[in-house]
Structure formats: structure tokens, C-alpha cells
Amino acid sequence: MEISGPLSIGVLDNDNGSRELHLKFRPEFRVLNLPQQTEAFQSFIQTLTAEINKLDENDANRQGMLTILQICEQLKPHIDANELPLEETIVVNIQTQSPFGNIRLG
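These numbers were taken from a predicted model, which means no experiment stands behind them.

Peer 1: How should helix α3 (residues 60-80) be read in this particular structure?
Peer 2: Structurally, the α-helix is built with 3.6 residues per turn, so residues lying three or four positions apart point the same way. Compared with the 30 Å implied by 1.5 Å per residue over 21 residues, the 31 Å span of α3 between its first and last C-alpha is a close match. Within α3, the axis deviates most sharply at Gln74, by approximately 30 degrees, and proline Pro77 lies no more than four positions further along. Listed in full, the buried residues belonging to α3 are Asn61, Arg62, Gly64, Met65, Thr67, Ile68, Leu69, Ile71, Cys72, Leu75, Lys76 and Ile79. N-cap assignment for α3: the residue whose side-chain oxygen lies 2.7 Å from the backbone N of Asn61 is Asp59. Looking one or two residues past α3, Asn82 carries a phi angle of roughly 55 degrees, positive in sign.

Set out below in C-alpha cells:
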């Protein structure tokens, strides 16, 4: 499953069995003014929520999408307040074996 949005997300497996998410804001998102960024990010959250709700509880993609949604919901107030350096990579450590199923965020 591929979901387009303001982020490109990479997943790296660590030697200790954990995973790192590397989140980067896409250039086309970074050039938007603050109200446009706020609207685009909220729209992404709504789209992600709608896609999650379409999935069966046991779908392998669901947990990964829920993780991305949770991260995005936590980032949203910081985007709204213009508190994040959008050119930097955000690294999130995930302590689970396979939280992403087969999803690809493009």
C-alpha cells in the first residue's frame, strides 16, 4: 500500500532488533507557507485515518499506518506553531519486530 503525503519515510533495521523511522518533509511541502503547511498536514492525517479505517483489524499494514498516524498527530502542533526545522530528518526509534507490514509511504 502506498500513501502520498508531505513526508518521505524510510525504515532502517538496527542490529538490536529495533527499527528506526527516518521522516523527511518533502521539498514541495517545505516551500508552502505556514497556513498551507498546516492544511496539507491536516489533510494527510485525515487521509491516513480514512485509509486505516478501511483496513481489517488483522491487516498487516494497519499497525504501521497507526504508528505513522500517531507520530503525525504528535508533530501537528509543532508544524502549526512553525517549531520544526523542516529540512532536518526526524528519527523515531520503534521497539518492535515488524510494525509496518507491507506499507510504503511515497
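Peer 1: Which parts of the structure should I look at to understand the sheet that holds strand β3 (residues 19-25)?
Peer 2: Strand pairing in a sheet is mediated by backbone hydrogen bonds. Such pairs are either parallel or antiparallel. Spatial ordering of the open sheet is given by β2-β3-β4, a layout of three strands whose pairing is antiparallel. Each edge of the open sheet is held by one strand with a lone partner, namely β2 (7-13) and β4 (90-94). Across the sheet, the axes of successive neighbouring strands diverge by a mean angle of 20 degrees, strand direction being ignored. Direction of pairing for β3 relative to β4: antiparallel, over a ladder of five bridges. What sits directly across from Glu20, in β4, is Asn93. Running at roughly 45 degrees to β3, α3 makes contact with β2, β3 and β4 of the sheet.

Peer 1: Can you walk me through the side chain of Arg26 in this structure?
Peer 2: Looking at the element boundaries, Arg26 is found in the loop between β3 and α1 (27-30). Here Gly5 takes part through its backbone oxygen, which lies 2.9 Å from a polar atom of the side chain of Arg26.

Peer 1: Quick question: what am I supposed to make of helix α2 (residues 34-54) here?
Peer 2: Here α2 spans 31 Å end to end across 21 residues, near enough to the 30 Å set by a 1.5 Å rise per residue. Among the residues of α2, Gln37, Phe41, Phe44, Ile45, Leu48 and Ile52 are the ones counted as buried. Mapping the buried residues of α2 onto a view down its axis gives an arc of 100 degrees, with all of them on the same face. Facing away from the buried side of α2, by more than 90 degrees, are the exposed residues Pro35, Glu39, Asn53 and Lys54. Backbone nitrogen of Gln36 and a side-chain oxygen of the N-cap are separated by 3.0 Å at the start of α2; the cap is Asn33.

Peer 1: Can you walk me through the pattern of salt bridges in this structure?
Peer 2: Pairing of side chains with opposite charge becomes possible as their charged atoms draw close. Under the defined criterion, the tally for this structure stands at four salt bridges. One salt bridge connects Lys76 with Asp80, and the closest N-O pair in it is separated by 2.7 Å. Placement of the pair is Lys76 and Asp80 together in helix α3, with a separation of four residues, close to one helical turn. On the accessibility criterion, Lys76 (11% relative accessible area) is buried.

Reading guide: rules and limits
- Residues numbered from 1 in each chain as written.
- Predicted model: local features only at pLDDT ≥ 70, side-chain atom pairs only at ≥ 80, totals over all residues.
- Heavy atoms only, no water.
- Helix = DSSP H or I, 4+ residues; strand = E, 2+ residues; numbered from the N terminus.
- Expected span 1.5 Å × (residues − 1).
- Bend = angle between axes of the 7 residues up to and from the residue.
- Buried < 20%, exposed > 50% of the residue type's maximum accessible area, 1.4 Å probe, protein only.
- Polar contact = N/O pair within 3.5 Å; in protein donor to acceptor, adjacent residues only side chain to side chain.
- Pairing = 2+ DSSP bridges.
- Axes fitted to C-alpha atoms, helices over the stretch in contact; angles between N-to-C directions.
- Contact = heavy atoms within 4.5 Å.
- Arc of directions from axis to C-beta.
- Salt bridge = Lys/Arg side-chain N within 4 Å of Asp/Glu carboxyl O.

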